[in-house]
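The residues making up each chain are set out below.
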Amino acid sequence: MPQTNRSLTINGDTYEFSGDPRTSLLDFLRRDCGLTGTKKGCDHGQCGSCTVIVNGQRINSCLSLAVMHDGDAITTIEGLGTPDDLSPLQAAFVKHDAYQCGYCTPGQICSAQAMLEEAKAGWPSFVSDDLDGEVKLTREEISERMSGNICRCAAYSNIVEAILETMEAGE
Amino acid sequence: MTTRSMDAPDTRNLLDHTAQGVIGKPLDRPDGPAKVTGRATYAAEHDIPNCAEGVLVLASISKGEVLGFDEEEVLALPGVIAVISDERMIARSAQGGANEAPVQKVRNVEYFGQPIALVVAETGPQAQHAAERLKVRYRVEDRDNVAINPDEAKAEPHKEPTIQGDIDHAMKEAAHAVDLTYTTQGQVSAAMEMHASIAEWDGHTLTAHSSLQMLNYNINELADALDLEPERVRLISRYVGGGFGSKLGIAAELVAASVAAIELGRPVRVVMTRRQVFECVIRRSETEQRLRLGTDADGRLTAFGHEARVSNLPGEKFAEPVTQASKFLYAGHNRKLAINLARIHRVTAGSVRAPGEAVGMQALEAAMDELANAVGIDPVELRLRNIPERHPTMDIPYSSRKLAECLHVAAERFGWDGSDRRPAQRREGDWWIGTGMASAARVHNLANAQARVTLQADGTAIVASDMTDIGTGTYTVLRQIAAEMLGLDPENVLVRLGDTDFPPGPGSGGSHGAASTGSAVQLACETIRDRLVERLGCKPDELTLKDGFATCGNRRAAYPDLLQGADIEEIGKFEVGKIKGQYSTAMYGAFFTEVAVNAWSGETRVRRMTGAFGIGRALNEKTALSQCIGGMAWGIGQALTEQLMFDRRDGHIVNPDLAEYHVPVNLDVPDLDAVLVEERDPAASPLQAKGVGELGICGAGGAICNAIYHATGVRVRDFPITPDKLIAQLPDV
Amino acid sequence: MKPFDYIRPESLEYAAQQQQRDGGRFIAGGTNLLDLMKLEVETPERLFDLNRMPMAQIEPEGEGLRIGALVSNNACAADPRVRRDYPVLSRAILAGATFQLRNRATTAGNLCQRTRCYYFYNTAMPCNKREPGTGCSALNGINRIHAILGASDQCIATYPGDMAVALYALDATVEILQASGGRRHVPVRDFHRLPGDEPEKDNVLEPGDVITGVVLPPPPQGVQLYRKVRERSSYAFALVSVAAVVRMDGERIAEASLAFGALAHKPWHDPRIETLLAGEVPSDAVFDKAADLLLEGAEDYGHNGYKIPLARRTLKEVLRNATGGGQ
């Protein structure tokens, strides 16, 4: 059986994985790395709470095995900012009350962070009128692109506000 | 400790006469930075050394008996420590406020999905696999002897119905009348954090981190289940990832973790899977509601009937109180309100956000729309004409009530034109466009509560209570109450919650947490103010507290100077007292919405929605509005997408996950517009505040149903209004 | 999840041979396979991780385009050539799942996506697809998302995906490496199976077969549309979907290629509809005839009967929008 020792870069630090290959990337982060900011809301890719950024792209960490990620650069919510030094998106989420219970929030923020990059790269979405046009992140575009992150408290309107403000501040 | 009983309206209105000026302000949540950076620690996330992992095993039969388990096979799997099926474990969730253990006989199966055992292993994957592999031997009850579907059981009256006058006669005599049956399908809370507990046993005391809403009841429920004195149990729930009713009472994972921790002598963590949360926690009952509404020629209600049929497991005391707001919202002398309860073998029915009104108002407000069309008047006008002077059956006065104001304010913001309500008039491309409205109403609840406030010698304060913050904003509003009462910058007030070592309150549920525990905080602060008055030697009404200074006449002192190194610690014990029953006290509001319905497919999209709400004093405008828009989004889910589907053969839920149980996603929810109508309600609480957490859902789905009718001319009386139901009646394009 | 051996093969050929010999599953994105493995609906003894294999390119092939097996759904949908020449494919992909899932989901994996039948997902229930011979629970159960076309008394599940529906309309080809080292090309319309008596077989892949890519034919002329009807506005499986590639010749339909999702065990393609439409002046009467052909033999199993009118309405909607005719 092949060796399963793997090395992942998480928020700039190196972590070794050598455990049970069944371990999801999500459980590896939460249990083995102590990075509990990434949340488990369904464990089946149906809610988005576990969203992290892998090599620049957002994914559901629950539907990925840790063992598949050696060499990957992973950013979790802990890598985006700290309570004393919030990232612009994190600060905007606080300001606009873009969360209530807070459980889906790290996933929302990681998702939004990656979404801004996707839009810059010109990736279209289901609601884009023109597949070839420049991507303009309207309210509707943001809503569609953030629909992979369920918020049962339903802070959606405020989440969109927070993202819009962050975008405008960044322009 | 200072005790105060609320026996009459509290007209002192203290919070409008304090100096700090922070009450009601839209301040950011103090827990925000921790939440947005992933540093807020939820139940399953505590790093407890040597913690074993448990996974529940659920029954795969509807009714019968567990004869045994083939434990040997799974005990031989790597890492598996134990299979536990113990008489202390619970078979159902406790109902909200139960205060005692729910049904415990886990081997006596009463519904498909009932917890029957716990598998414990060293790691999560090991336990999960073993739980999947565990073979269970059953004695299965003959299907013919088991009522599984609501239509297989006779419904019995639940509590005394309200009968006044003669509704049958009034309906016959009415100038305009509608007699309609609406149905709603089962729903779930689907809080984002799955039920999770870590239990530790030190040989004497059981300590558990758990995701719970009402610790003061939960501690007794757990203690009762374990047969321990409550003093030997401690529950901690500092952060709760949503509850919406599903965490009012303890659930199976907490007791299972506790039993395992006691038996194994090491900490045990049990996190339900998402499917298990669906299958064994709590459902909102499906409902069948008959609405009989009759008016005189001017649209004034003379007949008001609301009879509902709901279901629950045998032995459960809870029946979805569908007619709760119908008791007081509208006029109509001839009344019949009734709840009939069918006993069936499906997962426990219990409280899901706004039990009663969430489904009752949804149907009532749709029926009111049909009535307005029958009368031929603006549906707003119909509601305005039927606001009663006094409670229609109890003949007591209303406390503050802002229904009319909310209707006007929301109509104005929305740009409502109710003059022409003919349906199917507006088309944009492939989409029918329509508007609809509804009233909002939800009873106000108030409960006994205690809180401890410490004004520390350094001039900062600490508030402590076993109250929880499930996203509702408790950390925020209790901080503002204390800051206002004590004249402090809110930054200098620390609120500590979610620990049964702190003074008890009613917890989060029924929208009563902030008003109840907040009143206890206010009371403790009042006593602290008295102590300061004593120290300053002046009259109470001369005292002004602001920015950490006490001023009395010409004396002004900073708190550290006044306190001289000694904290002042007070516990406020607030009791509801005789105010209960003197007034009809409720929160009110109004919804207006515009929908687009695809003429081909029947897909419905809510394009905009405005809500205006009267909730008494808003303790924090920002968090209050967040509650409102959250409720409105729930209304969208209720109206359009959310439904539990049960297999008729065995009662199992066929869609127990978030892929097939459709809670609204971001794109389903437009930029919601919510506004608060200024209000003070002295009969509601000493804070003059009422509840807010549930109001936003109460009627919202009805407004959407009405807008769909206005858009298309199709009235669907079975929620949720999915495309299949609409295309059955939509005209060809 | 059942324990498994995790294998990262040195080469595709090695993976194909090992898998043929020992069994197991290939894993790429894992968004469907791991979901099912967690529920123990899938219990492979070993996983062959193909993620490091050089199959993540999109490159020209003749006048068409070759999408590598490991190209992520998002990368495919966002590729400028796909957006320009095969918009129906971009649209279909973007209508499925979420950005997070599409960043992991791959072309080959998505083709092999398994059904969302409630009973397939529930290991406490009989299911011929999961455990052949145990029976079909959906037949007499809740079957509102189930097939109205091409089902059997063994299975009424549907293929749930979106991307493949567009590939059917485009008449793409699936490129397969065999354990023997040989390659075969299967028209995508022949790739998925109807359930028949072997509902456990979703498609024509044999042990040791590895999908290496999908080849798109030269860009078709005309209008390309993808219409998906669903209960939520996003992040929901289709109730009905239609992929259409329609070329007009003046007032007449020159050529129409249509495929349908969520109606059957595979994306549905009926050449009779295309024959019927070719040369016709678009009208509702013609569209209705097309729908008659589509729905010939459609069956209502109790809860999915609404799909019959819904498919008709959606087909007509798409044909109107694609041809500019009708009414």
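## Things to note about the overall build of chain B
Okay, step 1: Along its length, chain B carries 16 helices and 30 strands.
Okay, step 2: Its C-alpha atoms give chain B a radius of gyration of 26 Å, near enough to 27 Å, the size a compact globule of 733 residues would have.
Okay, step 3: With respect to the three principal axes, the spread of C-alpha positions in chain B is 80 × 75 × 50 Å.
Okay, step 4: Taking all 733 residues of chain B together, the buried fraction comes to 69%.

## Quick look at the overall build of chain C
Okay, step 1: Helix and strand content of chain C: 11 helices and 11 strands.
Okay, step 2: In terms of overall dimensions, chain C is globule-like: its C-alpha atoms have a radius of gyration of 19 Å, near the 20 Å expected for 327 residues.
Okay, step 3: Reported as C-alpha extents along the three principal axes, the dimensions of chain C are approximately 60 × 50 × 35 Å.
Okay, step 4: When burial is assessed residue by residue, chain C has 65% of its 327 residues classed as buried.
Okay, step 5: Of the contacts made within chain C by residues no fewer than 6 positions apart, 64% connect residues no fewer than 24 positions apart.
Okay, step 6: Of the roughly 10,800 Å² of accessible surface on chain C, 46% is carried by carbon and sulfur atoms.
Okay, step 7: Where the 38 positive side-chain charges of chain C centre and where its 40 negative ones centre are 5 Å apart.

## Thoughts on the interface of chain C and chain A
Interfaces are often sized by the amount of accessible area the parts lose when they come together.
Okay, step 1: Listed by partner, the interface residues are 43 residues for chain C and 44 residues for chain A.
Okay, step 2: Of the roughly 3,600 Å² buried at the junction of chain C and chain A (both faces included), carbon and sulfur atoms supply 55%.
Okay, step 3: For the pair chain C and chain A, the interface holds 3 salt bridges.
Okay, step 4: A salt bridge links Asp70(A) to Arg8(C); the nearest nitrogen and oxygen atoms lie 2.9 Å apart.
Okay, step 5: Between the two partners, chain C and chain A, sit 22 residue pairs in polar contact (both at pLDDT 80 or more).
Okay, step 6: Elements with a contribution of two residues or more to the side of chain C that touches chain A: strand 1 (5-7), helix 2 (33-38), strand 3 (46-49), helix 3 (73-78), helix 4 (80-85), helix 5 (87-94) and helix 6 (99-104) of chain C.
Okay, step 7: With 5 residues, the single largest contributor to the side of chain C that touches chain A is helix 6 of chain C.
Okay, step 8: Grouping the amino acids of the side of chain C that touches chain A by side-chain chemistry returns 18 nonpolar, 11 polar and 14 charged.

## A short note on the pattern of salt bridges
Residues and elements named next belong to chain B.
Okay, step 1: For the structure on display, the rule yields 108 salt bridges over all chains.
Okay, step 2: The salt bridge partner of Lys154 is Glu156, with a shortest N-O separation of 3.9 Å.
Okay, step 3: The exposure class assigned to Lys154 is exposed, which follows from its relative accessible area of 64%.
Okay, step 4: A relative accessible area of 43% places Glu156 in the partly exposed class.
Okay, step 5: For Glu320, the salt bridge is made with Arg284, and the minimal N-O distance between the two is 3.2 Å. Remark: Arg284 occurs in the loop between helix 7 (274-280) and strand 15 (287-295) and Glu320 occurs in the loop between strand 16 (301-312) and strand 17 (334-343); sequence separation between them is 36 residues.
Okay, step 6: Each of the salt bridges in this network shares a partner with another, and the network as a whole consists of Arg426, Glu428, Glu594, Arg607 and Arg608.

## Quick notes on the confidence of the model for chain C
Okay, step 1: On average, residues of chain C score 98 in pLDDT, and 100% of them are at 70 or above.
Okay, step 2: In the model output, the complex is listed with pTM 0.98 alongside ipTM 0.98.

## Some thoughts on the state of the cysteines
Okay, step 1: Under the definition given, this model contains 1 disulfide over all chains.
Okay, step 2: Linked covalently through their sulfurs, Cys538(B) and Cys552(B) form a disulfide whose S-S length is 1.7 Å. On the S-S bond that ties Cys538(B) to Cys552(B), the torsion sits near 65°, and the link is right-handed. Of the two residues, Cys538(B) is situated in the loop between helix 12 (513-536) and strand 23 (543-546) and Cys552(B) in strand 24 (residues 549-552); the sequence distance between them amounts to 14 residues. Here Cys538(B) and Cys552(B) have matching classes, each one buried.
Okay, step 3: With no disulfide of its own, Cys101(A) lies closest to Cys153(A) among cysteine sulfurs, the gap being 3.8 Å.
Okay, step 4: Cysteine Cys698(B) shares no disulfide, and the gap to the nearest cysteine sulfur, in Cys628(B), comes to 11 Å.

## Here's the deal with the sheet that holds strand 1 of chain C
All names here are of chain C.
Okay, step 1: Pairing within the open sheet is parallel, and its 3 strands lie in the order 1-3-2. At either margin of the open sheet sits one strand with a lone partner, and together these are strand 1 and strand 2 (25-27). Along the sheet, successive strands turn relative to each other by an average axial angle of 30°, direction set aside.
Okay, step 2: Where helix 1 (residues 12-22) meets the sheet, its contacts fall on strand 2 and strand 3, and the angle it forms with strand 3 comes to roughly 170°.

## Some details on the packing of aromatic side chains
Okay, step 1: For the structure on display, the rule yields 15 aromatic pairs over all chains.
Okay, step 2: Judged by centre distance (4.9 Å) and plane angle (45°), the ring pair of Phe244(B) and Trp634(B) falls under tilted. Of the two residues, Phe244(B) is situated in the loop between strand 13 (233-236) and helix 6 (252-264) and Trp634(B) in helix 14 (residues 621-640); the sequence distance between them amounts to 390 residues.
Okay, step 3: The class for Trp634(B) is buried, based on a relative accessible area of 3%.
Okay, step 4: Ring centres of Phe591(B) and Phe613(B) lie 5.6 Å apart, and the angle between their planes is 70°; this geometry places the pair in the edge-to-face category. Taken together, the residues span a long stretch of sequence, with Phe591(B) in strand 27 (residues 586-598) and Phe613(B) in strand 28 (residues 604-614) at a distance of 22 residues. In this pair, the class of Phe591(B) matches that of Phe613(B), namely buried.
Okay, step 5: Put simply, the rings of Tyr103(A), Tyr42(B), Tyr239(B) and Tyr475(B) touch in pairs and so form one group of aromatic residues.

## So, the interface of chain A and chain B
Okay, step 1: On the side of chain B, 55 residues touch chain A, which itself brings 50 residues to the contact.
Okay, step 2: A buried area of about 4,300 Å², summed over both sides, lies between chain A and chain B, and 57% of it is on carbon and sulfur atoms.
Okay, step 3: If you sort the residues of chain A by the area they bury against chain B, Gln100(A), Arg152(A) and Tyr156(A) come out on top, with a joint share of 19%.
Okay, step 4: Viewed at the interface, chain B and chain A are joined by 6 salt bridges.
Okay, step 5: Between Glu45(B) and Lys39(A) there is a salt bridge, with its nearest N and O atoms 2.9 Å apart.

## A closer look at the sheet that holds strand 4 (residues 58-61) of chain C
Residues and elements named next belong to chain C.
Okay, step 1: Here 5 strands make up an open sheet; going across it, the order is 4-5-8-6-7 and the pairing antiparallel. The open sheet terminates on both sides in strands that have one partner only, identified here as strand 4 and strand 7 (183-187). Within the sheet, the average angular offset between the axes of one strand and its neighbour, ignoring direction, is 30°.
Okay, step 2: Bridge count between strand 6 (residues 173-177) and strand 7: 5 bridges; the pairing is antiparallel. Within the sheet, the bridge partner assigned to Val174 lies in strand 7 and is Val186.

## Quick word on the pairing of strand 14 (residues 268-271) of chain B
All names here are of chain B.
Okay, step 1: Two elements, strand 2 (residues 52-58) and strand 14, share 3 bridges in a ladder whose sense is parallel. Paired with Ala52 across the strands is Val268, a residue of strand 14.
Okay, step 2: With 4 bridges connecting them, strand 11 (residues 196-201) and strand 14 associate as antiparallel partners. The residue of strand 14 that forms the bridge with Ser197 is Val270.

## Examining the packing of helix 10 (residues 284-295) of chain C against helix 11 (residues 307-323) of chain C
Residue and element names in this part refer to chain C.
Okay, step 1: One can describe the packing of helix 10 onto helix 11 by two numbers: an axis separation of 9 Å at closest approach and a directional angle of 135°. One element, helix 10, and the other, helix 11, form an angle in the oblique class. Like other packed secondary-structure pairs, helix 10 and helix 11 cross with a definite hand, here right-handed. On the side of helix 10, the interface is formed by Asp284, Phe287, Asp288, Ala290, Ala291, Asp292, Leu294 and Leu295, while helix 11 contributes Ile308, Ala311, Arg312, Leu315, Lys316, Leu319, Arg320 and Thr323.

## What about unusual backbone geometry?
Residue and element names in this part refer to chain B.
Okay, step 1: Backbone torsion omega between Phe719 and Pro720 reads 0°, so that peptide bond is classified as cis.
Okay, step 2: Assignment of secondary structure puts Pro720 in the loop between strand 30 (718-719) and helix 16 (723-727).
Okay, step 3: Its identity as a non-glycine residue notwithstanding, Asp227 has a phi of 60°, on the positive side.
Okay, step 4: Locating Asp227 in the fold gives a position in the loop between helix 5 (215-226) and strand 13.

What counts, and where the lines are drawn
Residues numbered from 1 in each chain as written. Chains lettered and ligands numbered in written order. Predicted model: local features only at pLDDT ≥ 70, side-chain atom pairs only at ≥ 80, totals over all residues. Heavy atoms only, no water. Helix = DSSP H or I, 4+ residues; strand = E, 2+ residues; numbered from the N terminus. Rg over C-alpha atoms; globule rule 2.2 N^0.38 Å. Buried < 20%, exposed > 50% of the residue type's maximum accessible area, 1.4 Å probe, protein only. Contact = heavy atoms within 4.5 Å. Areas by Shrake-Rupley, 256 points an atom, 1.4 Å probe, with all protein chains shown as cover. Lys, Arg positive; Asp, Glu negative; His and termini not counted. Charge placed at Lys NZ, Arg CZ, Asp CG, Glu CD. Buried area = accessible area lost by both parts, 1.4 Å probe. Salt bridge = Lys/Arg side-chain N within 4 Å of Asp/Glu carboxyl O. Polar contact = N/O pair within 3.5 Å; in protein donor to acceptor, adjacent residues only side chain to side chain. Nonpolar A, V, L, I, M, F, W, Y, C, P; charged D, E, K, R; others polar. pLDDT = per-residue confidence, 0-100. Disulfide = S-S within 2.5 Å. Pairing = 2+ DSSP bridges. Axes fitted to C-alpha atoms, helices over the stretch in contact; angles between N-to-C directions. Phe/Tyr/Trp six-rings, centres within 6.5 Å; stacked < 30°, edge-to-face > 60°. Parallel < 35°, antiparallel > 145°, perpendicular 65-115°, else oblique. Left-handed = near helix turned anticlockwise from the far one by under 90°.

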